[in-house]
Amino acid sequence: MKAIQQILTASALVLSTISTAQDVHFSHMEFSPLNLNPALAGANSPMQGVINYRSQWNSVAVPYSTIGASFDARLNENKRQKKGILAAGLNFFNDQAGDLRVNTTKVSLNLAYHLILDQTSTLGLGIYTGYGQRSINPEGGKWGSQYDGMAYNAGLASGEMFNNPSFGHLDAGAGILYTYKNSDGYMTQNKNFELNWGFATYHVNRPYFSFLNQQDERLAMRFSTFVNAVIGIQNTRGSVLPGVYYQRQKTAQEILYGAYFKYNLTEGSKVTGFSKPMSLYLGIFNRFKDAMVGKFMIEYDQFSAGFAYDINISNLYEVSRARGGFELFLRYNMAPSVGGGFKSRI
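Please read all numbers here as calculations on a predicted model, not as lab measurements. (Residues numbered from 1 in each chain as written. Predicted model: local features only at pLDDT ≥ 70, side-chain atom pairs only at ≥ 80, totals over all residues. Heavy atoms only, no water.)

## Let's talk about the overall build of the chain
The helix and strand inventory of the chain stands at three helices and 14 strands. Within the chain, counting contacts between residues at least 6 apart in sequence, those at least 24 apart form 59% of the total. (Helix = DSSP H or I, 4+ residues; strand = E, 2+ residues; numbered from the N terminus. Contact = heavy atoms within 4.5 Å.)

As structure tokens, this is what we get:
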């Protein structure tokens, strides 16, 4: 019976993915910037590149695997006396879900402009447009209708009909972002305070999005809002980085909240450049009614790497045995030029 329960649970997970058409998500939301808000292109760094990998539900079914990558850069970084920051970005992700190999691939181009309000604040607007491809392998599934009363029977018909096992669609969205950064002072003073707030809407064009009948379902808009901060603990090497992230897509919603503790091991020399800055981060977050997330990150000069693990606390706890998923990311973050104004958030 336990094996049948896992089969039915796996089928339910895949059917949920198909029916609600939810977007991919990462526990390291702040390190998947263009999936969080298109206005984050160029907001906190002159140039950055991020690679993400996530795997989940290994204990329940064929793992759900997601690979993401993004690159964004300011286009007028070296221009003096500029009134705003113009930036562009490229975002990519590929997601494969379960036995049915529900495959979603998307590439999008971002454009953002951040109006410089004063020496510490900007207000930005970002837009994106892209193309997505989705496919499914109906032969790979195990369905509840194939349970003969005693066990799973692959010889029984599934009764499932997929009229559009592969299709493509155009996509578009927009977001706004406010940033405040007061990062003056040496590491020993640690008076830094930074704040980011954003709101974005994805899939504003509502593309047709169904394996069954393209006229029956459109991809629901996803609304994303967040606020995060960096708060220096004065006269120490430590900082607290709280964050709250909320997303809603049709009836599905996600709330992720928590905080990092950052410890600066070395500040790095500002004149010779011989000594490089190095920091460690430890974080604990909660995805409401779903998982506790432990995070670790190391940052050395312009490079950083992080790891996260989800401990499942949802209704699937009995089957998953608390094993949710793990996540990795690698990031390159170019340091701002002298007088460039806005330092990176993390």
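So, next bit.
## Things to note about the pairing of strand E7 (residues 193-202)
Strand direction decides the pairing type here: strand E6 (residues 166-182) and E7, joined by nine bridges, are antiparallel. The residue bridging leucine 177 from the neighbouring strand is glycine 198, located in E7. Pairing of E7 with strand E8 (residues 222-232) involves ten bridges; the strand directions are antiparallel. Bridging across to E8, glutamate 194 finds its partner in valine 230. (Pairing = 2+ DSSP bridges.)

## What to know about the pattern of salt bridges
Between side chains of opposite charge, a pair can form as their charged atoms come close. As enumerated under the stated definition, the model contains nine salt bridges in all. Between arginine 54 and aspartate 310 there is a salt bridge, with its nearest N and O atoms 2.6 Å apart. You can see arginine 54 sitting in strand E1 (residues 47-56) and its partner aspartate 310 sitting in strand E13 (residues 303-312), a full 256 residues away along the chain. Across this residue pair, the class does not change: arginine 54 and aspartate 310 are buried. With a closest N to O distance of 3.3 Å, aspartate 290 and arginine 287 form a salt bridge. The exposure class assigned to arginine 287 is buried, which follows from its relative accessible area of 4%. (Salt bridge = Lys/Arg side-chain N within 4 Å of Asp/Glu carboxyl O. Buried < 20%, exposed > 50% of the residue type's maximum accessible area, 1.4 Å probe, protein only.)

## Details of the environment of phenylalanine 288
Here phenylalanine 288 lies in the loop between strand E11 (278-287) and strand E12 (291-300). Under the relative-accessibility criterion, phenylalanine 288 is labelled partly exposed at 45%. In this structure, the C-alpha to C-alpha distance between phenylalanine 288 and serine 314, residues 26 residues apart in sequence, is 9.0 Å. Every residue in contact with phenylalanine 288, bar those within four places of it in the chain, is listed here: Ile255 and Tyr257.

## Comments concerning the packing of aromatic side chains
Applying the stated criterion across every chain, the model contains ten aromatic pairs. For the ring pair tyrosine 53 and phenylalanine 326, a centre distance of 6.0 Å and an interplane angle of 55 degrees mean the geometry is tilted. You can see tyrosine 53 sitting in strand E1 and its partner phenylalanine 326 sitting in strand E14 (residues 323-333), a full 273 residues away along the chain. With 6.0 Å between their ring centres and 85 degrees between their planes, tyrosine 260 and tyrosine 281 make a pair best called edge-to-face. Of the two residues, tyrosine 260 is situated in strand E10 (residues 252-266) and tyrosine 281 in strand E11; the sequence distance between them amounts to 21 residues. A residue is classified by how much of its surface remains accessible, and tyrosine 260, at 2% relative accessible area, is buried. You can call tyrosine 281 buried: its relative accessible area is 1%. (Phe/Tyr/Trp six-rings, centres within 6.5 Å; stacked < 30°, edge-to-face > 60°.)

## Thoughts on the side chain of arginine 331
Note on placement: arginine 331 falls in strand E14. At 4.6 Å, glutamate 299 is the nearest oppositely charged side chain to arginine 331, a buried residue that forms no salt bridge. Looking at arginine 331, its side chain comes within polar contact range of the side chain of glutamine 48, at 2.9 Å. (Lys, Arg positive; Asp, Glu negative; His and termini not counted. Polar contact = N/O pair within 3.5 Å; in protein donor to acceptor, adjacent residues only side chain to side chain.)

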